[in-house]
Structure formats: C-alpha cells, structure tokens
Amino acid sequence: KQWYQRRVRGHLIDNDDTPRKLGKALVCEFLGTLMLVGFGIGAANPLAQGSLDKALLPLYAPNFIIAASLSVGATIHICRNSSGGHVNPSVTLALFLDKRISALRCITYLLSQFAGGIAGAALIYVLCNYHNRPKTNFGVIAYDLDVYTYPQVFFNEVFGTMLLNLTVFASFVEETSDAGSYKQCLSIAIVCMIANPMCCINPARGLAFNLITLQMVHHAWVSILGPFVGAALATLIYNFLLKSPPRPHLVKAK
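Now for a description of the structure that goes with this document. Every value quoted in this text rests on a predicted model; they were computed, and no experiment measured them.

Within the structure shown, the criterion is met by five aromatic pairs. Relative to Trp221, the ring of Tyr150 has its centre 5.5 Å away and its plane inclined at 45°; by these criteria the two rings are tilted. Remark: Trp221 occurs in helix H9 (residues 220–242) and Tyr150 occurs in helix H6 (residues 150–173); sequence separation between them is 71 residues. Residue Tyr150 is classed as partly exposed on the basis of its relative accessible area of 26%.

Right, dumping it as structure tokens:
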C-alpha cells in the first residue's frame, strides 16, 4: 500500500517521517502548491481577457476554469509519488483526521503549502508586472456582498471542499481504488471544474494573492476557514457513511 492508504502507527510521528523522506516531501509540496497557485492565478489573465473580441468573451471563464482545474490534476500527478500530492491544506487536514498521516507531517505540510502558495502568487505578481499596474481584483479572493452574504459564500467553500475531499478519499484512500492511475488525478480535476466557479476550495490559494496585494484581506477568512470545515465534514461522512467494509482475506486452496 501507499503511505496514504494505511493508518499511521503513531499519530504524532510515523516511521516514514525520516529527515530525508519528509524533506523531499516538503520540497515537493512547496513546489507543487507554487505551481498550482501560479497556474490558477495565471490562467485568469485579465490582459488576455481584454484582448478578446466581444463575441469570444463568454468563452473566457470556461477556458480558465478548465485550465486551472487540469493544472491541479497535473500537479497532483507529478507530486503523488514523493509527497502524496496534497498541494492543498484542506486535503492534508482531512488525511490527518483520518489518521493517514502523522501530526508532524500534517504541520510541516501545512507550512510548506502556505509558503508555496504565497511564493507562487508573488511570482505571478512580479512576472506579470502587476506591481506597476493600477490595483485590481485580479487573483484576489473577494465576494460581492451586495449579491451574496457571508453565510452563503462560507457554505459554498464548505460544500465545495467537502466534495473535493470525498473524491480524494474515494479515489486515493479506498483499497478498491485504482492505485497509481491517471483516473485519480482526472477525477479531482473534474471536481475542481465543478467547484471552481463558486468557491476557492484551497486555503493556500485563498490567502496567497490577498496577502501579496494586501487587498480584500477581510474576505480571506472565508476561503481559509471554510475549506478546513469542509475537510472535517468530509472525514466524518466518509468514515460513517461511505467507507467500504474491510475485504476478507482470500485463503488459497492447498
């Protein structure tokens, strides 16, 4: 079994948490979250939007949603063998609550993911020369409170992240899942396409550009707290309602 398909023996620290293995995993989570946030923000490029004809503007949103979602699946596929391909603090929390990773791995993963997300946002901010442009909401997680209320956007974050983590449990953790298959990453990419228009579902993404630009920081709590609540709910639902029963061991006939 992969390390995320088994229970850890010690919930504080696991036998696999050696400096070499954990160090490689932390670097992978940092770079993976950097790529994920960079692709996610970079796909929603307002300069490209401004250059489109009016007839093509309706295609802009679906295009960047598909691009950002597929980048999530690709990043998970790249990082899976080294770190498990979490690249999302809510996924790390869900696997910790399900006792798939140790407390040490959980805490260090969270730090690497938030650092990677901020680095990815800073990279896009500098490379796209946004520090010399008028302030816009590009890349910033913000909500139109004249249209939506805080309970509504909070529910969207909780529900979207719950759906994401249930997909993670079903496709990665279940013993009956296709271990090592592209289907796992593709299924998560599809979930991101569904949830992307209505919520962030990644606390690292929710904080990163808001912090770099110092804009709409008062909205960031929704996209940070909501996914963590969704991860906890997904763990409960998976264990009490959706988890497959243990498969009996087959005994070979002599």
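Along the chain, the position of Thr92 falls in helix H4 (residues 89–97). Leave out the neighbours within four places in its chain, and Thr92 touches His86, Ile101, Cys106, Tyr109, Leu110 and Gln113.

The next point concerns the packing of helix H8 (residues 203–213) against H9. For the pair H8 and H9, the least separation of the axes is 8 Å and the interaxial angle reads 165°. Classified by the angle between their axes, H8 and H9 sit roughly antiparallel to one another. Once H8 is placed against H9, the crossing between them reads as left-handed. Facing Pro203, Gly206, Leu207 and Asn210 of H8, the residues of H9 in contact are Ala220, Ser223, Ile224, Pro227 and Phe228. Looking at the contact of H8 with H9 residue by residue, the classes come out as six nonpolar, three polar and no charged.

A few words on H9. With 23 residues, H9 should cover 33 Å at 1.5 Å per step; its first-to-last C-alpha distance of 31 Å lies within 8% of that length. Among all positions in H9, only Ala220, Val222, Ser223, Gly226, Pro227, Phe228, Gly230, Ala231, Ala234, Thr235 and Tyr238 are buried.

With that settled, the discussion passes to a nonpolar patch on the surface. A surface patch of nonpolar side chains, amounting to about 430 Å² of accessible area, comprises Ile66, Leu70, Leu186, Ile190 and Ile194. Going through the elements one at a time, helix H3 (60–83) and helix H7 (182–195) are the ones with two or more residues in the nonpolar patch. Top contributing element to the nonpolar patch by residue count: H7, with three residues. Here Leu186 is to be found in helix H7. For Leu186, a relative accessible area of 40% gives the class partly exposed.

Conventions used here
- Residues numbered from 1 in each chain as written.
- Predicted model: local features only at pLDDT ≥ 70, side-chain atom pairs only at ≥ 80, totals over all residues.
- Heavy atoms only, no water.
- Phe/Tyr/Trp six-rings, centres within 6.5 Å; stacked < 30°, edge-to-face > 60°.
- Helix = DSSP H or I, 4+ residues; strand = E, 2+ residues; numbered from the N terminus.
- Buried < 20%, exposed > 50% of the residue type's maximum accessible area, 1.4 Å probe, protein only.
- Contact = heavy atoms within 4.5 Å.
- Axes fitted to C-alpha atoms, helices over the stretch in contact; angles between N-to-C directions.
- Parallel < 35°, antiparallel > 145°, perpendicular 65-115°, else oblique.
- Left-handed = near helix turned anticlockwise from the far one by under 90°.
- Nonpolar A, V, L, I, M, F, W, Y, C, P; charged D, E, K, R; others polar.
- Expected span 1.5 Å × (residues − 1).
- Patch = residues over 30% accessible without salt bridge, like charges linked within 9 Å, V, L, I, M, F, W, Y side chains within 5 Å.
- Areas by Shrake-Rupley, 256 points an atom, 1.4 Å probe, with all protein chains shown as cover.
- Salt bridge = Lys/Arg side-chain N within 4 Å of Asp/Glu carboxyl O.

Take it as geometry only, folks, not as evidence of what the structure does.
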